[in-house]
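One letter stands for each residue in the lines below.
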Amino acid sequence: MANEGHLDKAIASNLRVNISTVERTREKFMLGGLEYAIKDRPHPRRSCKLDGKPEAFLIATACSTPPGGRNRWTMRLLADKMVSLGMVDSVSHETVRQTLKKTR
């Protein structure tokens, strides 16, 4: 579309992307050609925040009796418990959820 003279705004609207995506793609095309422009670069893998001993502790805690007044453990309660016991400096309830989902 750019080769046909269409403006970035029209291209972005047609492809349902942001104008900056059109600009970056054009720039990548100019630097390395079509294959370079459309090929996604490899993304570095994130390290697991909970692995080894903290992960084992999380699983054991999740399987244990919940605190008084509760019917079950919530992700936030588990995250708070891990922090309060010094297993990790900080951890989100989403990390707890993903860790437990991974191990089931």
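Residues numbered from 1 in each chain as written. Predicted model: local features only at pLDDT ≥ 70, side-chain atom pairs only at ≥ 80, totals over all residues. Heavy atoms only, no water.

**Let's talk about the overall build of the chain**
Helix and strand counts for the chain come out as five helices and zero strands. Computed over the C-alpha atoms, the radius of gyration of the chain is 23 Å, more than 25% above the 13 Å expected from 2.2 N^0.38 for a compact globule of 104 residues. For the chain, the spread of C-alpha atoms along the principal axes amounts to about 70 × 25 × 25 Å. By residue count, 20% of the 104 residues in the chain fall in the buried class. For the chain, restricting intrachain contacts to residue pairs at least 6 apart in sequence, the fraction spanning at least 24 positions comes to 36%. Of the roughly 8500 Å² of accessible surface on the chain, a fraction of 52% belongs to carbon and sulfur atoms. Looking at charge distribution, the chain has the averaged site of its 19 positive side-chain charges lying 9 Å from that of its 11 negative ones. (Helix = DSSP H or I, 4+ residues; strand = E, 2+ residues; numbered from the N terminus. Rg over C-alpha atoms; globule rule 2.2 N^0.38 Å. Buried < 20%, exposed > 50% of the residue type's maximum accessible area, 1.4 Å probe, protein only. Contact = heavy atoms within 4.5 Å. Areas by Shrake-Rupley, 256 points an atom, 1.4 Å probe, with all protein chains shown as cover. Lys, Arg positive; Asp, Glu negative; His and termini not counted. Charge placed at Lys NZ, Arg CZ, Asp CG, Glu CD.)

**Digging into the confidence of the model for the chain**
With 98% of its residues at a pLDDT of at least 70, the chain reaches an overall mean of 89. Model confidence for the chain, summarised as mean pLDDT per element, is weakest for helix 5 (residues 93-103) at 86 and strongest for helix 4 (residues 75-84) at 94. (pLDDT = per-residue confidence, 0-100.)

**A closer look at the environment of Glu 23**
Mapped onto the elements of the fold, Glu 23 is located in helix 2 (residues 19-38). Expressed as a C-alpha distance, the spacing of Glu 23 and His 93, which sit 70 residues apart in the sequence, is 37 Å.

**Quick look at unusual backbone geometry**
Here the phi dihedral of Arg 16 falls at roughly 60 degrees; this positive angle occurs in a residue that is not glycine. Examined against the element boundaries, Arg 16 turns out to sit in the loop between helix 1 (8-15) and helix 2.

**Comments concerning the packing of helix 3 (residues 53-63) against helix 4**
Two quantities define a packed helix pair, namely the angle between the helix axes and the distance between the axes. One can describe the packing of helix 3 onto helix 4 by two numbers: an axis separation of 11 Å at closest approach and a directional angle of 130 degrees. Relative to helix 4, the element helix 3 lies oblique. Where helix 3 crosses over helix 4, the two elements pack in a sense that is right-handed. When helix 3 is examined against helix 4, the residues Pro 54, Phe 57, Leu 58, Thr 61 and Ala 62 are found in contact with a partner set consisting of Leu 78, Lys 81 and Met 82. Grouping the constituent residues of the contact of helix 3 with helix 4 by class yields six nonpolar, one polar and one charged. (Axes fitted to C-alpha atoms, helices over the stretch in contact; angles between N-to-C directions. Parallel < 35°, antiparallel > 145°, perpendicular 65-115°, else oblique. Left-handed = near helix turned anticlockwise from the far one by under 90°. Nonpolar A, V, L, I, M, F, W, Y, C, P; charged D, E, K, R; others polar.)

**Remarks on the nonpolar core**
By size, the foremost hydrophobic cluster in this structure holds eleven residues: Leu 50, Leu 58, Trp 73, Leu 77, Leu 78, Ala 79, Met 82, Val 88, Val 91, Val 96 and Leu 100. Contributing elements (two or more residues each) for this core: helix 4 and helix 5. Per-element accounting of this core gives the leading share, four residues, to helix 4. (Core = buried A, V, L, I, M, F, W, Y, C linked by side-chain atoms within 4.5 Å.)

**Digging into the pattern of salt bridges**
Counted under the stated rule, the structure contains two salt bridges. Note that Asp 8 and Arg 26 form a salt bridge whose closest N and O atoms lie 2.4 Å from each other. Taken together, the residues Asp 8 in helix 1 and Arg 26 in helix 2 connect sequence positions 18 residues apart. The buried category is assigned to Asp 8, whose relative accessible area is 19%. (Salt bridge = Lys/Arg side-chain N within 4 Å of Asp/Glu carboxyl O.)

**Side note on a nonpolar patch on the surface**
Among the surface-exposed residues, Phe 29, Met 30, Leu 34 and Ile 38 lie close enough to one another that they form a single nonpolar patch of about 470 Å² accessible area. Relative to the elements of secondary structure, Phe 29 occurs in helix 2. (Patch = residues over 30% accessible without salt bridge, like charges linked within 9 Å, V, L, I, M, F, W, Y side chains within 5 Å.)

**Here we look at helix 2**
Between its first and last C-alpha atoms helix 2 spans 16 Å; for 20 residues at 1.5 Å apiece the expected length is 28 Å, and the helix comes up short by more than 12%. Considering bend angle alone, the principal kink of helix 2 is centred on Gly 32 and spans about 135 degrees. Two to three positions downstream of the cap, the backbone nitrogen of Ser 20 sits 3.1 Å from a side-chain oxygen, assigning the N-cap of helix 2 to Asn 18. (Expected span 1.5 Å × (residues − 1). Bend = angle between axes of the 7 residues up to and from the residue. Polar contact = N/O pair within 3.5 Å; in protein donor to acceptor, adjacent residues only side chain to side chain.)

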